[in-house]
Amino acid sequence: MKIYIETYGCQMNINDTEVVASILCKVGHTICKSIEEADVILVNTCSVRDNAEQRVLGRLDVFALQKKKNKNLIVGVLGCMAQRLKEDLLNNKNVDFTVGPDSYRELPEIIASRLESGYKKTETILSLKETYSDIEPVRMDSNHVSAFISITRGCNNMCSYCIVPFTRGRERSRDPKSIVREAEYLFAKGYKEVTLLGQNVDSYFWANPDNPTESVNFFQLLELVALIDPTLRVRFQTSHPKDIRKGVLYTMAMYPNICKHIHLPVQSGSNAQLEKMNRKYTREDYLKKIADIREIIPNCAISTDIIAGFCDETEEDHKETLSLMEEVKFDSAFMFQYSERPNTLAARKYSDNVPLEEKTKRLNEIIALQNKLSLESNQKDIGKIFEVLIEGTSKRSDKQLIGRNTNNKMCVFDAADGVKVGDYVFVKINNCTSATLIGDIQEVKKTHHLHIKSISEIKNDIKELKRKRDEWLKKRESEGKH
Ligand code: 5AD
Ligand code: SF4
């Protein structure tokens, strides 16, 4: 059968769609590119904010119209909305089945049984074990340069505004051997960058079930992936301010191929709000983590997520968010208005009482400030030379190429002879906007250069950092922490 898949939401969902494609292609189905040619339409959904759900509900109406043209068409909803809304979608939206994030292995059977019996079905049992470790995702719409690898599933944090723990279940860490195997396989196929994904990568922890004294934590995993090859770039997200440790920072500093960028969602600058959000850190704790990052990795970019207008947020609280942004000088940010999600802690305990106009006003102030900070951050890069991994051509002109530097900043530069997607080049920055660095290729390198530093300098740095990391680890172990 021809399967059409549409994906909404975060990178974890994009990666899940690749897992789904792999499961379906293995049993002989093929992936197609339009709803007109499809026998089955799957939509992988997101429930994090109400507007994400509304977009999908709108799409389901379009698919229902397509069903009128093609009587045999099957429509299935996957992901967080399937988990949350289940029968609602079957009964009211002309959907044939709903399958939650931990039940994708059932898809071939569900599609077959829908064909045979015509029954509508919902499969949404959340698992304590499912990690899809043994499934090699089909990289869809990929640039064949960078790929995502899931290292954990689910989340145990219970931030009071967030629906993820309810739709994606308890946190599970994937076997490090299968993660490294997947990264090695991608590298052998020509990929140059992998991003390790988890709702909270810092709580990655895998203990060998046959020998529990054998374990791997996040920085050890990061090191295992970085050691695959110095020309394989490694990124990761998302870090959690309460859990990110110096071990991760030393490991990042040690390996030039671990990109110098940390996405560290702060959500709010006010302690009262952070407590209500159940984030388990204070403004001061957050700023201390930022100081650690700046000390150990001086050239590290930091991005964040911010929510405007959470329950009971006062103008004072909002001002504290603005002042924290000024203090940290984030390089970039994702910014949202609070959207109450059914059954979350906040929906049950607090009132969504900041008026919509006020939420919008505060969000606009946050966005305006971040635009200024992003521009200032980019202006500081004018005159610098960065190593950039070419990811594609610019949307505006095919004579221009795009790629990111180690700091996750998008660079745009003129194409040159002998340079292609997947190459590393050095780009000198001579202009910028708040969103991009604009520059020229300086010197074309066929092979990846470790760093602008010399190899002997790097070796010295690593020795010193490793000593510091071991010292830090010993101290933690003596305190009984892993
Ligand atoms: N309302 C608004 N933003 C939210 N996020 C998560 N839940 C909500 C919500 N209910 C944001 C947080 C999180 C990001 C992925 O989405 O900032 O870090
Ligand atoms: Fe949601 Fe908090 Fe988990 Fe992130 S850490 S997925 S915001 S509960």
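Novice: Whenever I open this one, the overall build of the chain confuses me. Can you help?
Specialist: A tally of regular secondary structure across the chain gives 15 helices and 21 strands. On C-alpha atoms alone, the chain measures out to a radius of gyration of 23 Å, which is about the 23 Å that the 2.2 N^0.38 rule sets for 482 residues. Each of the 482 residues in the chain was classed as buried or not, and the buried ones make up 53%. Of the contacts made within the chain by residues no fewer than 6 positions apart, 72% connect residues no fewer than 24 positions apart. Of the roughly 21,800 Å² that the chain leaves accessible, carbon and sulfur atoms contribute 51%. Looking at the chain, you have 72 positive and 69 negative side-chain charges, and the mean spots of the two groups are 1 Å apart.

Novice: Is there a simple way to explain the domain arrangement of the chain in this structure?
Specialist: Note on interface size: it is often stated as the accessible area lost on association of the parts. Domain boundaries in the chain define domain 1 (2-123), domain 2 (146-374) and domain 3 (385-442). Measuring from the centre of the C-alpha atoms in domain 2 to the corresponding centre in domain 3 gives 26 Å. Between domain 2 and domain 3, the contact holds 15 residues from the first and twelve residues from the second. Taking both sides of the interface into account, the surface hidden between domain 2 and domain 3 amounts to around 1,100 Å²; carbon and sulfur atoms contribute 41%. When the buried area of domain 2 at its contact with domain 3 is split by residue, K192, R233 and R235 rank highest and sum to 44% of it. Taking the shortest distance from any N to any O, the salt bridge between R404 and E193 comes out at 2.7 Å. Those elements that provide at least two residues to the side of domain 2 that touches domain 3 are β13 (233-237) and α14 (356-379).

Novice: I tried to follow the site of ligand 2 on my own but got confused; where do I start?
Specialist: If you check the shell around ligand 2, you find C155, N157, M158, C159, Y161, C162, V164, P165, Q199, H240 and R279 and nothing else. The residue makeup of the shell around ligand 2, split by class, is seven nonpolar, three polar and one charged.

Novice: Would you mind going over the sheet that holds strand β14 (residues 261-263) with me for this structure?
Specialist: Working definition: the strands of a sheet are paired by backbone hydrogen bonds and lie parallel or antiparallel to each other. With parallel pairing, three strands are arranged side by side in an open sheet as β14-β15-β16. Of all strands in the sheet, those with a lone pairing partner are β14 and β16 (332-337), marking the two edges. For this sheet, the mean angle separating the axes of adjacent strands, direction not counted, is 10 degrees. Relative to strand β15 (residues 301-308), β14 is paired through three bridges, and the arrangement is parallel. Bridging across to β15, H261 finds its partner in A301. Each of β15 and β16 is contacted by α14, which is oriented at about 175 degrees to β16, the strand it contacts most.

Novice: Would you explain the site of ligand 1 in this entry?
Specialist: By nearness alone, every residue bordering ligand 1 is listed as V48, R49, Y161, Q267, D305, I307, F336, Q337, Y338, S339 and R341. Within the side chain of Q267, one N or O atom sits 2.7 Å away from an oxygen atom of ligand 1. S339 places a polar main-chain atom, nitrogen or oxygen, 2.8 Å from a nitrogen atom of ligand 1. With the chains in place, 85% of the 400 Å² that ligand 1 exposes on its own is no longer accessible. Among the secondary structure elements, those contributing two or more residues to the shell around ligand 1 are β15 and β16. Looking at the shell around ligand 1 residue by residue, the classes come out as five nonpolar, three polar and three charged.

Criteria and thresholds
Residue positions within a chain follow its written sequence, with the count starting from 1. Written order determines the labels here, with chains lettered from A and ligands numbered from 1. A pLDDT threshold of at least 70 governs which residues receive local features in this predicted model, and a stricter bar of 80 or more applies before side-chain atom pairs are shown or counted, although totals over entire chains, interfaces and linings include all residues. As a rule here, side-chain values come from all non-hydrogen atoms in the structure, and water together with hydrogens is ignored. Each helix corresponds to a stretch of at least 4 residues labelled H or I by DSSP, and each strand to a stretch of at least 2 residues labelled E; elements are numbered beginning at the N terminus. In this setup the radius of gyration rests on C-alpha atoms only. A globule is expected at 2.2 Å times the number of residues raised to 0.38. Burial here depends on accessible area, computed with a 1.4 Å probe over protein chains only, as a share of the maximum for the residue type. Under 20% is buried, over 50% is exposed, and the range in between is partly exposed. Contacts: residue pairs with any heavy atoms within 4.5 Å of one another. Each accessible area is a Shrake-Rupley result for a 1.4 Å probe, and residues are judged covered by the shown protein chains and nothing else. Under the counting rule used here, the positive set is Lys and Arg, the negative set is Asp and Glu, and His together with the chain ends is not counted. The location of each charge is read from NZ of Lys, CZ of Arg, CG of Asp or CD of Glu. Annotation comment: domain bounds sourced from an automatic or database domain assignment. Joining two parts hides part of their accessible area as seen by a 1.4 Å probe, and the buried area is that hidden amount summed over both. Here, a salt bridge means any Lys or Arg side-chain nitrogen found within 4 Å of an Asp or Glu carboxyl oxygen. Here a residue is near a molecule or strand as soon as one of its heavy atoms is found within 4 Å of it. By the convention adopted, Pro, Cys, Tyr, Trp, Phe, Met, Ile, Leu, Val and Ala count as nonpolar, Lys, Arg, Asp and Glu as charged, and the other residues, Gly among them, as polar. Strands were regarded as paired on the criterion that DSSP finds at least two bridges between them. The axes used here are C-alpha line fits, helices contributing only the stretch in contact, and every angle between their N-to-C directions lies in the interval 0 to 180 degrees. Two N or O atoms count as a polar contact when they lie within 3.5 Å, although within protein this holds only if one can serve as hydrogen donor and the other as acceptor, and sequence-adjacent residues are included solely when both atoms are side-chain atoms.

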